[in-house]
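Take a look at the letters that make up each chain.
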Amino acid sequence: MTMFGSQWLANAGSTYEIDQSIRFNDDDSAKLSRTPSAGNRTTWTYSVWLKRGNIPGLSKDIFSASTNSTNRFEIQFNASEQIRIYQSDSGSTTDDLITNRLFRDPSSWYHLVFRYDTTESTASDRIKLYVNGVQETSFSTANYPTASYEGDVNANVVHTISSRESGGVFFDGYMAEINFVSGTAKAASDFGETDAATGQWIPKEYTGAYGTNGFYLTGANSSDFGEDFSGNNNDWTASGLAANDQMSDSPTSNWCTINSLAFDSSQITLTDGNLTLAWNTPNGNGGTTALSTFDISKHGKSYWEFSAANSSVNYSVGICTNTSLWRKPRTQSTYNVIRYGVQNASTAEMQVTSGDGSIDSTGVLAITGSEVGMMAFDPASGKLWVGQDGTFFNSGDPAAGSDEQGTFTGDNNTGLYVNVEDYSSAEAGSVTFNFGQSGFAHTPPTGFTALNSANLPDPAIEYPPDYFTPYIYTGDDSGTSRAFTGVGFAPNLVWTKARGATYSHALFDTVRGVEKYLTTDSNQAETNQPGHGYITAFGSDGYTFSDGSSGRLNYNGDTTYVSWNWVEGSTPGFDIVSYTGNATARTISHNLGVVPEMMIVKNRADTDNWAVYHAGNTSAPETDYLVLNDYAATADDATVWNDTAPTSSVFSVGTSSLTNGNTEAMIAYVFAPVEGFSKFGSYTGNGSSSGPAVNLGFRPAWYLVKLASGINQSWYLFDDQRDPFNFVRRYLGPNRNNAEVAGVEADISHDFLSNGIKIRTDNAFANTSGAEYVYAAFAKTPFKTANAR
């Protein structure tokens, strides 16, 4: 077996690598257990890196100590996907902390540190939880232990990792670098650090003492996962674990899995660390499907393996786009899919949908039972090779680029994903993937690599907050000049909005100059009255507002504000273009060097609407436009963009005063996508509370969405500063001056994830079945280096 585990340096400055993890499959009742001698029960620290697997809404224990159901300590993900820290003493609850944060990201790694010290005089200091290096302070329930309380941890009772002794609530996923320090309350910084280049929390080696009952579990010994490497020989007993549960997937080497947020959970289940997909109730229509966590179109030449559970299962494996719904791509003619399928347990064939590719079924054989299937894909050419047991079908040679089984020729702007589904199955079955995290059975073709973060291209922008960031500040209603710093760079565009009051959105930029603003929630012309105040200087780390007497509420009233700040340039894909209209169809130059995908244009001199071009808006976006300051659906108007798509050097305007008012000053904010930093896409709603999973290729910091077709609907704007953890619910409407609304999860809910967004509402603003939506998003962190969110 070829071990293909090239290590991913989580960040450029990282020198500490974690080589492996332990996979805990809840269906196997996998756990580690140990009964220590009695030790210090008031003070200890537990640190673990983990990656979640199946997220079914059931309690999942991380660490516990118990003798029975009434005397127990637990750290768990509860049924609502919050972390709960709980101590029961003879049936009475002594400790109970439940986070407001929801932990629903299965695509990357979390670092959790639990610091327990009941000798602290302040109750809230007795239990501290750190997530990715930051102390958690927002709890829905916060009951702390009494002073010097002795809990069950370090008592002479059964301690369990991944379950509890008194009941089967098993963790599902991966754990790595498990440290327990007995008798000392440690800081998160003893186990991790912030990387200077990316701003991300990364592992570091713990070098302190462990105390009598302390231990350090690494999973390095696949025949003894409970081996303690602390030097204390406090070994643990493994149960439900096998040698193949040692995985290369780790906090410094993140691997592809099947996305538990992008499949139909009513028909299928994921097991084995989200590497096995099973359908237990066949539906006979090929509709049970799932996608990978990685966008393989951004990965370069890739290779993976798969196998079917038995000789009679019908299934298909291939690649597909994510243009809209993630469910049923094969049965929807608008979805682009190339797949290899096994039908009636013996007939193998290749299929392509939508006419966006070509296929050749020559030489393909059924891969069932004990055979190992192989796939190799080249996103540059669109070629897909399929084989089994070390040989590609049809004399295929991926290294030479010849004799492929299929070629994808469709639009992959929304990404390409490994796809698996049942194939009109008449019985239950399953397919298991190996993306390389457990060692390939066969050597990948030359030039093809495993689906691992190491093999993702380095992002053009390593640290996105150098070019875009949301910034929150509190106004003082003073009517005096005031400088705001802490943005982190010299902004060229500042968009500010009062969170707690009905004041307009105000836009300022360095091209139009100081003391000039535009409002996105109205069609009014540019205001440039110095007496209104507004920005008088753009600084190296923020901006200065003057002491305007009548307009300061828009930026410095007695409330909190958020500003969104951009740097102009080709690197971040943003250009501010000022021009004078002439009411004659023509082109306007921009400086991006690539084709823009979103443009926001305003006539500065007139009461005209804001016109928005978006590449995801209809099949011919150059013929249509959206209005930023209104609820209106997309409209067809040849006079706005002259029915001409933008190019890498110009965009076109027609005779409309929206984009080309005669002799009138115009401003255009022009955006092009930058991989790992920004994306301007579209999706189709599914009308379910478990909505589409939109892969952005980054952890978002800012997200704008609009229903483009059908009924009128507002624009909605979210960011990770107003909602620093999931779920993300606080929204502002660029077309309204309303105060910020904190929606409830059932109505207004997204999760920001390490690789994109999961829509968790069936509300019409984001997820009407069959409706088309457009979005714009800017990154907090590229997926290559992102922690789980």
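Residues numbered from 1 in each chain as written. Predicted model: local features only at pLDDT ≥ 70, side-chain atom pairs only at ≥ 80, totals over all residues. Heavy atoms only, no water.

## A closer look at the overall build of the protein chain
Part 1 of the reasoning: Check the secondary structure of the protein chain and you find 4 helices and 57 strands.
Part 2 of the reasoning: Against the 2.2 N^0.38 benchmark of 28 Å for 789 residues, the protein chain shows a C-alpha radius of gyration of 28 Å, consistent with a compact globule.
Part 3 of the reasoning: Along the three orthogonal principal directions, the C-alpha set of the protein chain runs to about 80 × 75 × 40 Å.
Part 4 of the reasoning: The buried share of the protein chain, reckoned over its 789 residues, is 61%.
Part 5 of the reasoning: Across the protein chain, every contact between residues at least 6 apart in sequence was considered, and the portion connecting residues at least 24 apart equals 68%.
Part 6 of the reasoning: When the accessible surface of the protein chain is split by element, carbon and sulfur atoms take 43% of a total near 24,700 Å².
Part 7 of the reasoning: Across the protein chain, the mean location of the 45 positive side-chain charges is 6 Å away from that of the 82 negative side-chain charges. (Helix = DSSP H or I, 4+ residues; strand = E, 2+ residues; numbered from the N terminus. Rg over C-alpha atoms; globule rule 2.2 N^0.38 Å. Buried < 20%, exposed > 50% of the residue type's maximum accessible area, 1.4 Å probe, protein only. Contact = heavy atoms within 4.5 Å. Areas by Shrake-Rupley, 256 points an atom, 1.4 Å probe, with all protein chains shown as cover. Lys, Arg positive; Asp, Glu negative; His and termini not counted. Charge placed at Lys NZ, Arg CZ, Asp CG, Glu CD.)

## Here we look at the packing of aromatic side chains
Part 1 of the reasoning: The final tally for this structure, using the stated rule, is 62 aromatic pairs.
Part 2 of the reasoning: For the pair F484 and F545, a centre-to-centre distance of 5.8 Å together with 75° between the ring planes defines the contact as edge-to-face. Of the two residues, F484 is situated in strand β35 (residues 482–485) and F545 in strand β39 (residues 542–545); the sequence distance between them amounts to 61 residues. The pair F484 / F545 is uniform in exposure class, with both members buried.
Part 3 of the reasoning: Taken together, the ring pairs in this structure connect Y467, F468, W495, W564, W566, F574, Y669, F671, F677, F680, W702 and F778 into an aromatic cluster.
Part 4 of the reasoning: Taking NZ or CZ as reference, K51 lies 5.8 Å from the ring centre of Y174, over its face.
Part 5 of the reasoning: Of note, R736 hangs over the ring of Y716, and the distance from its end group to the ring centre comes to 5.7 Å. (Phe/Tyr/Trp six-rings, centres within 6.5 Å; stacked < 30°, edge-to-face > 60°. Lys NZ or Arg CZ within 6 Å of the ring centre and 35° of its normal.)

## Regarding the nonpolar core
Grouped burial of nonpolar side chains is what soluble globular proteins tend to show.
Part 1 of the reasoning: Within the largest apolar cluster, 57 residues are counted, with the highest numbers of intra-cluster contacts made by W304, F306, Y315, V317, Y340, F433 and F435.
Part 2 of the reasoning: If you look at the next biggest cluster of nonpolar residues, it comprises 41 residues, including Y46, V131, V153 and F180. (Core = buried A, V, L, I, M, F, W, Y, C linked by side-chain atoms within 4.5 Å.)

## Some points on the sheet that holds strand β49 (residues 678–684)
Part 1 of the reasoning: Strand order in the open sheet formed by 4 strands is β49-β57-β51-β52, and the pairing between neighbours is antiparallel. A strand with exactly one partner marks an edge of an open sheet, and here the two such strands are β49 and β52 (715–719). Sheet twist, expressed as the mean angle between neighbouring strand axes with direction ignored, is 20°.
Part 2 of the reasoning: Pairing geometry for strand β51 (residues 698–707) and β52, over 5 bridges, is antiparallel. Bridge pairing in β52 links Y703 to F718. (Pairing = 2+ DSSP bridges. Axes fitted to C-alpha atoms, helices over the stretch in contact; angles between N-to-C directions.)

## Points about the environment of F489
Part 1 of the reasoning: With respect to the secondary-structure elements, F489 resides in the loop between β35 and β36 (493–498).
Part 2 of the reasoning: When the C-alpha positions of F489 and P465 are compared, they lie 8.5 Å apart, and in sequence the two are 24 residues distant.
Part 3 of the reasoning: With residues near it in sequence (within four places) discarded, F489 still touches P465, D466, Y467, F468, T469, G539, S540, D541, G542, N565, W566 and V567.

## Brief notes about the side chain of N213
Part 1 of the reasoning: In this structure, N213 sits in the loop between β15 (201–203) and β16 (215–217).
Part 2 of the reasoning: For N213, the side chain forms a polar contact with the main-chain oxygen of S37, separated by 2.9 Å. (Polar contact = N/O pair within 3.5 Å; in protein donor to acceptor, adjacent residues only side chain to side chain.)

## Digging into unusual backbone geometry
Part 1 of the reasoning: At the junction of N726 and F727, the peptide bond is cis and its omega measures out at 5° in the coordinates.
Part 2 of the reasoning: Mapping F727 onto the fold places it in the loop between β52 and β53 (730–731).
Part 3 of the reasoning: In this model, D272 sits at a positive phi of 55°, which is unusual for a non-glycine residue.
Part 4 of the reasoning: Tracing the backbone through its elements, the reader meets D272 in the loop between β20 (268–271) and β21 (276–279).
Part 5 of the reasoning: One non-glycine residue, N642, lies in positive phi territory at about 60°.

## Points about the pairing of strand β48 (residues 665–671)
Part 1 of the reasoning: For β48, the buried fraction is high: 6 of the 7 residues fall into the buried class.
Part 2 of the reasoning: Pairing of strand β41 (residues 574–580) with β48 involves 7 bridges; the strand directions are antiparallel. Note on β48: the bridge partner recorded for T580 is A665.

## Examining the pairing of strand β12 (residues 158–161)
Part 1 of the reasoning: Bridge count between strand β2 (residues 31–34) and β12: 3 bridges; the pairing is antiparallel. Looking at β12, one finds that S33 is bridged to T160.
Part 2 of the reasoning: Bridging between strand β4 (residues 60–66) and β12 involves 4 bridges; their strand directions are antiparallel. The residue of β12 that forms the bridge with F63 is I161.

## A look at the pattern of salt bridges
Part 1 of the reasoning: Under the definition given, this model contains 24 salt bridges.
Part 2 of the reasoning: For E740, the salt bridge identified is with R730, shortest N-O distance 3.9 Å. One end of the pair, E740, is in the loop between β53 and β54 (741–742); the other, R730, is in strand β53, and 10 residues separate them in sequence.
Part 3 of the reasoning: A relative accessible area of 22% means that R730 is categorised as partly exposed.
Part 4 of the reasoning: One continuous salt-bridge network, built from bridges that share partners, spans R499, D719, R722, D723, R730 and E740. (Salt bridge = Lys/Arg side-chain N within 4 Å of Asp/Glu carboxyl O.)

## Some thoughts on the side chain of N452
Part 1 of the reasoning: Structurally, N452 is set in the loop between β33 (429–434) and β34 (468–474).
Part 2 of the reasoning: Here S253 takes part through its side chain, which lies 3.1 Å from a polar atom of the side chain of N452.

## Side note on the sheet that holds strand β37 (residues 506–509)
Part 1 of the reasoning: The 4 strands lie next to each other as β34-β40-β36-β37, forming an open sheet whose pairing is antiparallel. Both edges of this open sheet fall to β34 and β37, since each of them pairs with a single strand only. The mean inter-strand angle of the sheet, taken between neighbouring strand axes irrespective of direction, is 20°.
Part 2 of the reasoning: In this structure, β36 lies alongside β37, joined through 4 bridges in antiparallel fashion. Counted as the bridge partner of L493 is D509 from β37.

## Overview of the confidence of the model for the protein chain
Part 1 of the reasoning: For the protein chain, the mean per-residue pLDDT works out to 89, and 92% of the residues sit at or above 70.
Part 2 of the reasoning: Low pLDDT, under 50, characterises residues 1–13; the stretch is placed with 55 contacts to residues that sit more than four places away or in other chains.
Part 3 of the reasoning: Every residue in residues 323–334 scores below 50 in pLDDT, and together they form 52 contacts with partners more than four places removed in sequence or on other chains. (pLDDT = per-residue confidence, 0-100.)

## Quick notes on the environment of F574
Part 1 of the reasoning: Within the secondary structure, F574 sits in strand β41.
Part 2 of the reasoning: Sequence-wise, F574 and I85 are 489 residues apart; in three dimensions their C-alpha atoms are separated by 45 Å.
Part 3 of the reasoning: Filtering out sequence-adjacent residues up to four positions away, F574 remains in contact with L493, W566, V567, E568, G569, L592, Y669, V670 and F671.

## Examining the state of the cysteines
Part 1 of the reasoning: With the rule as written, the count across this model stands at 0 disulfides.
Part 2 of the reasoning: Of all cysteine sulfurs, the one in C320 lies closest to C256, which takes part in no disulfide; the gap is 12 Å.
Part 3 of the reasoning: Looking at C320, the relative accessible area reads 1%, which means it is buried. (Disulfide = S-S within 2.5 Å.)

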